[in-house]
Amino acid sequence: MTADITTDVLVIGTGPAGSATAALLASYGVEVLVVNRYRWLAKTPRAHITNQRTMEVLRDLGPEVEAEAMLHAAPQHLMGNNVFCVSLAGEELRRMQSWGTSPESKARHLRASPCEMNDLPQTFMEPILFKTACSRGAQSRMSTEYLSHVQDADGVTTTCRDRLTGKDFTVRSTYLVGADGGNSLVAEHAGLPFEGRMGVGGSMNILFRADLSRYVAHRPSVLNWVMQPGADVGGIGMGLVRMVRPWNEWLIVWGYDITQPAPVVDAAMATQVARQLVGVPDLEIDLISANTWTVNNCYATHMQAGRVFIMGDAAHRHPPSNGLGSNTSIRDGFNLAWKLAAVVKGQATPKLLDSYSAERAPVAKQIVTRANQSIAEFGPIFEALGMDGGVDHQRIERSMAARCDATEAGEKQREALRRAIDFKVYEFDCHGVEMNQRYNSGAVVGDGTTAPVGENMELYYHPTTCPGARLPHAWVYDRAGGKHSTLDLCGKGRFTILTGIGGGAWVKAAEAVSRALGLPIRAVTIGPRADYEDHVGDWHKVRDIRDSGCILVRPDHHVAWRSQSVSADPEGDLSRVLRQILGH
Ligand code: FDA
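What comes next concerns the included structure. Because the structure is predicted, anything quoted here is derived from the model rather than measured. Every residue gets a number counted from 1 within its own chain, in the order that chain's sequence is written. With pLDDT at 70 or above as the cut-off, local features in this predicted model cover only qualifying residues; side-chain atom pairs require 80 or more to be listed or tallied, and sums for whole chains, interfaces and linings still use all residues. Values shown for side chains rest on all heavy atoms present in the structure; no hydrogens or waters enter the calculation.

The next subject is the sheet that holds strand 4 (residues 74-75). Where strands meet in a sheet, backbone hydrogen bonds hold them as pairs that are either parallel or antiparallel. Here the rule is simple: two strands pair whenever DSSP picks up at least two bridges between them. Secondary structure counts use DSSP, requiring at least four H or I residues in a row for a helix and at least two E residues in a row for a strand, with both numbered from the N terminus. Strand order across the open sheet formed by 3 strands is 3-7-4, with antiparallel pairing between neighbours. A single partner strand is all that each edge strand has here, and the edge strands are strand 3 (49-50) and strand 4. Of the pairings in the sheet, the one linking strand 3 to strand 7 (residues 118-119) comprises 2 bridges and is antiparallel in character. Paired with Ile49 across the two strands is Asp119, which belongs to strand 7.

Rendered as structure tokens:
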């Protein structure tokens with residue numbers, strides 16, 4: 001049977017994962033078709049915390065893409081006073097500086113990346129990525145539902161339904177990407193293995209407009225955690241009043257008991273919950289929407305079946321804690337897109353694609369575990385407030401009041417609360433989880449060294465050029481004084497080598513190997529009077545090689561290989577390493 005449509009890559013889903021992948025593939029010049037069963041992009045602002053690494057992917061797509069995201073995002077300085085309170089209008093229990101806003105963390109963020117963390121609701125992020133894909137030539141079809149696929153030695157035939165006409169049609173592609181979310185049919189049909197459980201908690205989202213400036217503008221925060229009797233029910237841990245737009249659009253996340261049927265959240269219930277958490281009995285809200293969702297604790301242990309790949313929530317299903325979902329989904333796309341492009345263009349063999357699951361499945365496990373652990377780590381806060389024993393309001397009020405007593409017990413309680421909230425840094429300022437991802441696969445060639453393990457790899461980012469790690473960011477300067485991140489010198493679908501004074505042989509080797517393999521390789525020399533200068537010495541601090549050494553960087557900014565100094569046979573070494581990575 002002849003297929004109705006043919007393309008190199010078919011992507012199911014226009015969420016952050018699918019749209020990012022389509023945008024990257026289109027930017028790399030690959031024929032891609034992306035479909036979505038619905039007529040709309042994200043209708044609710046689910047994901048919002050956008051970390052530096054994700055912004056680096058957007059920056060790689062182009063300065064205009066990064067700039068558009070920043071235009072719509074709430075900036076970092078409005079994100080950070082994570083408030084714990086009895087209600088927004090009521091007593092504040094504590095606030096913690098989060099998301100890189102404490103002076104110490106701010107410094108670490110500034111060192112780590114050219115990009116700023118920000119709060120960009122999914123309702124803005126998805127259109128930016130999708131538009132980028134379309135403007136670069138990706139084919140897209142809305143109201144188009146994936147139904148099934150079969151693969152053979154040469155490709156994948158996928159059956160979709162056009163929901164406007166009700167007619168089914170087939171798409172023949174070399175590769176199929178399932179970016180179809182937490183109930184992924186592609187993952188199911190591909191028979192991919194999962195560990196963990198779905199539906200471990202119940203939550204509801206209430207999206208509304210109300211000007212709450214007077215309760216929040218003096219302590220700007222994305223997340224306001226409201227501790228009230230009964231708020232510990234369900235997945236999210238407590239009542240959450242989340243800023244969507246400062247300070248007049250909000251999303252309340254409120255748990256429900258997963259052993260009971262999901263509640264029907266009507267306007268009356270939504271208003272009552274909003275009044276209770278904001279602490280204003282006659283608050284009027286303009287309800288936009290309400291829905292329920294379940295908390296999952298489940299990840300794929302393998303993300304590829306032949307010509308079929310899964311990514312995003314299709315592969316890792318977890319609560320919003322740590323804000324890792326969309327961020328990880330976009331990075332899955334950044335990992336896979338250049339590999340698919342290299343294979344489709346004949347620069348690499350399909351063996352390269354095996355590295356996708358080898359590199360991203362451990363990340364899926366890590367982030368699902370982290371996000372679920374973060375929920376459990378609310379427990380000590382409830383304990384410190386005496387809220388761990390159900391919904392006896394009077395007992396809880398007595399216990400909360402006791403923390404103000406000038407007694408030994410009161411001091412102990414205050415200390416317990418301080419410690420419990422401080423420990424939530426693992427959810428609200430977990431820079432290492434966001435930035436330390438290091439790969440070990442056939443697409444990385446070791447140099448005989450072991451990647452250094454720094455202090456607390458979850459909390460702190462530790463730069464290294466050890467193969468597998470993300471290339472460290474350092475500002476370097478062109479002759480005209482222009483300032484560039486080392487990451488700006490790499491990426492955009494190309495391999496790059498970075499070298500210094502005395503590394504001329506690497507530059508020549510890159511030219512020769514590029515010609516021989518038909519693979520674009522950019523060569524950059526950093527040093528006095530070279531392509532870029534390390535005026536402030538930041539590159540010297542993180543490069544881990546000598547001036548004449550070489551760092552080979554993959555299109556996704558990860559270090560593929562490095563040599564401490566110029567070798568006896570730079571062309572032979574570079575050729576051997578690249579052939580190994582590309583699967584020749
Ligand atoms: P996503 O579910 O977004 O998209 C799936 C796509 O596939 C959709 O376009 C859908 O229509 C399509 N599709 C599904 N089945 C199909 C079929 N059969 N045929 C065709 N199309 C089909 N993350 C984060 O990074 N930071 C954060 O701060 C938060 N915060 C947050 C808060 C709340 C309340 C929630 C519920 C979630 C978050 N997240 C988050 C998580 C984030 O929303 C989630 O991880 C991403 O949306 C996942 O993106 P995907 O593209 O993988 O799936």
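Still to come is the rest of the account.
What follows concerns unusual backbone geometry. The phi torsion of most residues other than glycine is negative, and most of the peptide bonds are trans. Geometrically, the link from Pro246 to Trp247 is a cis peptide bond, its omega value of -15° lying close to zero. Mapped onto the elements, Trp247 comes out in the loop between strand 14 (239-245) and strand 15 (249-256). Positioned with a positive phi, Asn456 is a non-glycine residue whose angle comes to about 40°. Structurally, the position occupied by Asn456 is in the loop between helix 15 (431-435) and strand 20 (475-477). For Arg529, which is not glycine, the phi torsion reads 60° and is therefore positive. Looking at the element boundaries, Arg529 is found in the loop between strand 23 (521-525) and helix 17 (538-542). Exposure is judged per residue with a 1.4 Å probe applied to protein chains only, and the accessible area is read against the type maximum: over 50% gives exposed, under 20% gives buried, and values in between give partly exposed. Take Arg529: its relative accessible area is 74%, and that puts it in the exposed class.

Next up on the list: the site of the ligand. It suffices for a single heavy atom of a residue to lie within 4 Å of a molecule or strand for the residue to be listed as near it. Neighbouring the ligand are 31 residues, the closest being Asn36, Gln122, Tyr146, Asp313 and Ser326. Within the side chain of Gln122, an N or O atom sits 2.9 Å from an oxygen atom of the ligand. Polar contact criterion, stated in full: a pair of N or O atoms within 3.5 Å, where within protein one must be able to donate a hydrogen and the other to accept it, and residues adjacent in sequence count only if both atoms are side-chain atoms. Within the backbone of Gly323, an N or O atom sits 3.2 Å from an oxygen atom of the ligand. Under the scheme applied here, ten amino acids are nonpolar (Ala, Val, Leu, Ile, Met, Phe, Trp, Tyr, Cys and Pro), four are charged (Asp, Glu, Lys and Arg), and all others, including Gly, are polar. Residues belonging to the shell around the ligand are distributed by class as follows: 11 nonpolar, 15 polar and 5 charged.

So, about the pairing of strand 24 (residues 550-553). Residues Cys550 and Leu552 point to one face of strand 24 and Ile551 and Val553 to the other, with burial holding for every one of them. Inspection of the sheet shows strand 22 (residues 495-499) paired to strand 24 by 4 bridges, in the antiparallel sense. Across the sheet, Leu498 pairs through a bridge with Ile551, a residue of strand 24. As paired elements, strand 24 and strand 25 (residues 559-563) share 4 bridges and run antiparallel to each other. Opposite Leu552, over in strand 25, you have Trp561 as the bridge partner. Here strand 24 folds back onto strand 25 in antiparallel fashion, the turn holding 5 residues, of which His557 has a positive phi close to 75°.

On to the layout of surface pockets, then. Put plainly, a pocket is an open set of points on a 1 Å grid over the protein atoms alone with protein on both sides within 12 Å along at least five of seven lines, a cavity is a set where a 1.4 Å probe fits but cannot get out, and a lining residue has an atom within 4 Å of a point. Grid points are joined across faces, edges and corners, and a volume is the space filled by probe spheres set on the points. The computed volume of the second largest pocket comes to approximately 240 Å³. Lining the second largest pocket are 14 residues, and of these Arg111, Ala112, Pro463, His473 and Val542 lie nearest its centre. Counting residues per element, the lining of the second largest pocket draws most heavily on helix 4 (residues 103-112), at 4 residues. Considering only residue class, the lining of the second largest pocket consists of 8 nonpolar, 2 polar and 4 charged.

Ring pairs shown here join Phe, Tyr and Trp side chains whose ring centres sit within 6.5 Å, with only the six-membered ring taken for Trp; geometry is labelled stacked below 30 degrees between planes, edge-to-face above 60, and tilted in between. Summed over all chains, the structure comprises 10 aromatic pairs. Ring centres of Tyr175 and Phe309 lie 6.1 Å apart, and the angle between their planes is 55°; on these two criteria the pair is classed as tilted. Linking Tyr175 in strand 11 (residues 167-178) with Phe309 in strand 18 (residues 308-310), this pair joins segments that are 134 residues apart in sequence. In this structure, Tyr175 and Phe309 share a single accessibility class: buried. Both rings, one in Trp506 and one in Trp561, keep their centres 5.8 Å apart while their planes meet at 70°; by these two values the pair is edge-to-face. Here Trp506 is found in helix 16 (residues 504-517), whereas its partner Trp561 is found in strand 25, with 55 residues between them in sequence. Under the relative-accessibility criterion, Trp506 is labelled buried at 0%. Take Trp561: its relative accessible area is 6%, and that puts it in the buried class. Taken together, the aromatic side chains of Trp99, Trp225, Phe378 and Phe428 make up a single cluster linked through ring pairs. The side chain of Lys424 reaches across the aromatic face of Phe378, ending 3.8 Å from its centre. Criterion for a charge above a ring: Arg CZ or Lys NZ at most 6 Å from the ring centre, at most 35 degrees from the ring normal.

Don't take any of this as a statement about function, it's just geometry.
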